[in-house]
Amino acid sequence: MSSGKSLAERALAFGRDVYYGHGKIEILPKVLVRGMDDLAAAYTPGVGHVVRHLLEHPEELSQQSAKDNLVAIVTDGTAVLGLGNAGPHAAVPVMEGKATMFKMLVGIDCMPLCLKTSGEDAFVDAVNALEPSFGGFNLEDVAAPSCFNIMKRLEQSLPVPVIHDDQYGTATVITAALSNALRVTGKSVGDVRVVVNGIGAAGAATIDMLEGLGIGEITAVDKQGILHPDDNPAHAHWRDIAERTNQSRLRGDLTTAMAGADAFVGVSVAGIVSPSMVRSMARDPIVFGLANPEPEIMPDDAVAAGAAVTASGRFDFPNHCNNVLAFPSLMRGALDVKAKRISREMCLAAARKIAGLVPEDQVSATNLLPSPLDDDLYPEVSEAVAQAATREDLARVVVPERAVAENTRRLRNLVARRLNDLKELS
């Protein structure tokens, strides 16, 4: 029930008016120290025995530390939400919010790390230096095109999984929603043309995911217009995408791209799609305007112009595409099988499971995605991710079928019990 306060007021109070101190997160021990014997075992001199043991058996670090369930959420603050280069200080509340979601939804402990660095080398060096303490890394709000090089370098250097959530977390949810939108419109994946506007972090990953899904043709559009290989785009990642897309060799702007297209996915800026552009699309067009807080076209305006299905990044319209549906399970599944990395196939497995969690008889133009409050969502998607990692030979540990789903449910229940105790303090 609403408190009568605005969202801005409630958001400011959320991390300020807590039972002690400030902020959304805290660190608690998992062990009880009841006396001097426990103190000696938990701290000194007991830890000396643990250190000596690890020198002889370094592979047992995961059994003697929280590393395997501890993730660093790392940013340099260069692309904070829709606010651009807000810097690492302003990014701290965002990283704390992400840590809260990881803990509540899949039981992962997270440490927000906002780096005051300059340049790709400094960022990569900092993350590599932190590797001994963490079982995985979630990059957040790192601007394109640097994020592509940073991700590539970290995937090569880190022995633990790393994901840039603004890329594959977002793209996974978009792919799930588009899969169900195609079911609603009765269109075949291999026969449609999809326009992706905004080839930054999310747009580039979405194109990669849609290629993996088997979309017939993708037209990529950015500030300078439709990407065409003969135009020698400025950035290396744009050149790569230009070579892989635009089979029809279209030239022009977004208006040209959308004419005759079956679907539009916008991860760009507000207000750049007009009703006439929607009317120019193919029969029963799909329009995903995902720019935040204001979309490329408001969903009701797109419907009025003939869109059969819409989605946005807003909670006040149907089909809210939010990466919270994906990123917790991508990391949970990867951690539980000690995955070497998080692959496109793991993300596709997550997307298919997310889409499939909406019962077939309930999929509709206004119901493409499950709720983030669905109790089955995170256990089932984590299981799908882990199984995909195993199939790809990316899992260092092979676990029994359903073990990851059961572990996710167990951790969610443990966290819920712990959070219930906070109600008496709040």
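In this report, we go over the structure that sits alongside the text. (Residues numbered from 1 in each chain as written. Predicted model: local features only at pLDDT ≥ 70, side-chain atom pairs only at ≥ 80, totals over all residues. Heavy atoms only, no water.)

1. Description of the side chain of K98
Logical step 1: Mapped onto the secondary structure, K98 falls in helix α5 (residues 88-106).
Logical step 2: Judged by its relative accessible area of 7%, K98 is buried. (Helix = DSSP H or I, 4+ residues; strand = E, 2+ residues; numbered from the N terminus. Buried < 20%, exposed > 50% of the residue type's maximum accessible area, 1.4 Å probe, protein only.)

2. Comments concerning the pattern of salt bridges
Logical step 1: In total, this model carries 21 salt bridges according to the counting rule given.
Logical step 2: Among the ionic pairs, D208 bridges to R344, the shortest N-O distance being 3.1 Å. With D208 in helix α9 (residues 201-213) and R344 in helix α15 (residues 344-356), the pair connects residues that are 136 residues apart, well separated along the chain.
Logical step 3: The closest approach of N and O atoms between R283 and D284, which form a salt bridge, is 2.8 Å.
Logical step 4: Overall, R283 belongs to the exposed group, its relative accessible area being 54%. (Salt bridge = Lys/Arg side-chain N within 4 Å of Asp/Glu carboxyl O.)

3. Brief notes about the packing of aromatic side chains
Logical step 1: In this structure the tally under the stated criterion is two aromatic pairs.
Logical step 2: Judged by centre distance (4.9 Å) and plane angle (70 degrees), the rings of F102 and F327 are edge-to-face. With F102 in helix α5 and F327 in helix α14 (residues 327-336), this pair connects stretches of sequence that are 225 residues apart. For the pair F102 and F327, a shared accessibility class is recorded, and that class is buried.
Logical step 3: The ring of F327 has K98 sitting right over it, with the charged end atom 4.1 Å from the ring centre. (Phe/Tyr/Trp six-rings, centres within 6.5 Å; stacked < 30°, edge-to-face > 60°. Lys NZ or Arg CZ within 6 Å of the ring centre and 35° of its normal.)

4. Re the sheet that holds strand β1 (residues 70-75)
Logical step 1: Taken in spatial order, the four strands make up an open sheet running β2-β1-β3-β4, and their pairing is parallel. Strand pairing shows two members of the sheet lacking a second neighbour, β2 (109-114) and β4 (162-164), which therefore form its edges. Geometrically, the sheet is characterised by an average inter-axis angle of 20 degrees between neighbouring strands, direction not taken into account.
Logical step 2: As paired elements, β1 and strand β3 (residues 136-139) share four bridges and run parallel to each other. Its bridge partner lying in β3, V71 is registered against G136. (Pairing = 2+ DSSP bridges. Axes fitted to C-alpha atoms, helices over the stretch in contact; angles between N-to-C directions.)

5. A short note on the sheet that holds strand β10 (residues 309-312)
Logical step 1: Strand order across the open sheet formed by six strands is β7-β6-β5-β8-β9-β10, with mixed pairing between neighbours. The open sheet is flanked by β7 (225-226) and β10, the only strands paired with a single partner.
Logical step 2: Direction of pairing for strand β8 (residues 263-266) relative to strand β9 (residues 286-289): parallel, over a ladder of four bridges. For G266, the partnering residue across the bridge sits in β9 and is G289.

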